[in-house]
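One letter stands for each residue in the lines below.
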Amino acid sequence: MKARWQRINTWRIKGPILAVAFLLGIFDHVLHLGGVSFAAAIAIVVPAIGFRASWREWRFWASLAAVALLQIPLVLALRPLVDKSGFATLFIFGMLDCGFVLTAIFYVLEGDLL
């Protein structure tokens with residue numbers, strides 16, 4: 001496990017994640033998208049980078065697109081609630097959303113969760 005973590009704990013991996021987070025942060029302030037949109041975008045980007053070995057598989061991109069489409073109504077519904085509640089609720093939403101995206105992609109690629 002440690003060797004695998006060292007393989008992905010490089011600036012080749014962290015750099016794009018930080019760049020996307022920076023760009024999403026700028027667009028968040030310029031376009032006034034709100035924190036929920038930012039958290040949902042990060043919840044898609046981080047697992048996509050984590051599954052980079054599967055980027056050549058159509059199932060990966062199909063599942064990522066389906067999850068992204070499912071997140072649109074979720075973000076629109078939760079935006080007023082999370083914006084009023086503050087950072088803690090936004091953080092919890094981001095973590096749960098990222099877990100959902102990871103589970104969906106893993107299920108599509110592997111076919112079994114257990």
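Residues numbered from 1 in each chain as written. Predicted model: local features only at pLDDT ≥ 70, side-chain atom pairs only at ≥ 80, totals over all residues. Heavy atoms only, no water.

Right, let's get into the overall build of the chain. Along its length, the chain carries 5 helices and 0 strands. Along the chain, helices and strands appear, N-terminal first, in the series α-α-α-α-α. Sorting the 114 residues of the chain into buried and exposed places 29% on the buried side. Long-range contacts, defined here as pairs at least 24 residues apart, represent 67% of the contacts in the chain between residues at least 6 apart. For the chain, the accessible surface area stands at approximately 8000 Å², while carbon and sulfur atoms represent 73% of it. (Helix = DSSP H or I, 4+ residues; strand = E, 2+ residues; numbered from the N terminus. Buried < 20%, exposed > 50% of the residue type's maximum accessible area, 1.4 Å probe, protein only. Contact = heavy atoms within 4.5 Å. Areas by Shrake-Rupley, 256 points an atom, 1.4 Å probe, with all protein chains shown as cover.)

As a further point, take the packing of helix α4 (residues 58–85) against helix α5 (residues 87–110). Where α4 meets α5, the axes come as close as 10 Å, and the angle between the chain directions of the two elements is 165°. As the angle between them shows, α4 and α5 are arranged roughly antiparallel. Crossing of α4 against α5: the hand is right-handed. Contacts between α4 and α5 involve Arg59, Phe60, Ser63, Leu64, Val67, Gln71, Leu74, Val75, Leu78, Val82 and Ser85 from the first element and Phe87, Thr89, Leu90, Phe93, Asp97, Phe100, Val101, Ala104, Ile105, Val108 and Leu109 from the second. Class assignment for the residues of the contact of α4 with α5 results in 16 nonpolar, 4 polar and 2 charged. (Axes fitted to C-alpha atoms, helices over the stretch in contact; angles between N-to-C directions. Parallel < 35°, antiparallel > 145°, perpendicular 65-115°, else oblique. Left-handed = near helix turned anticlockwise from the far one by under 90°. Nonpolar A, V, L, I, M, F, W, Y, C, P; charged D, E, K, R; others polar.)

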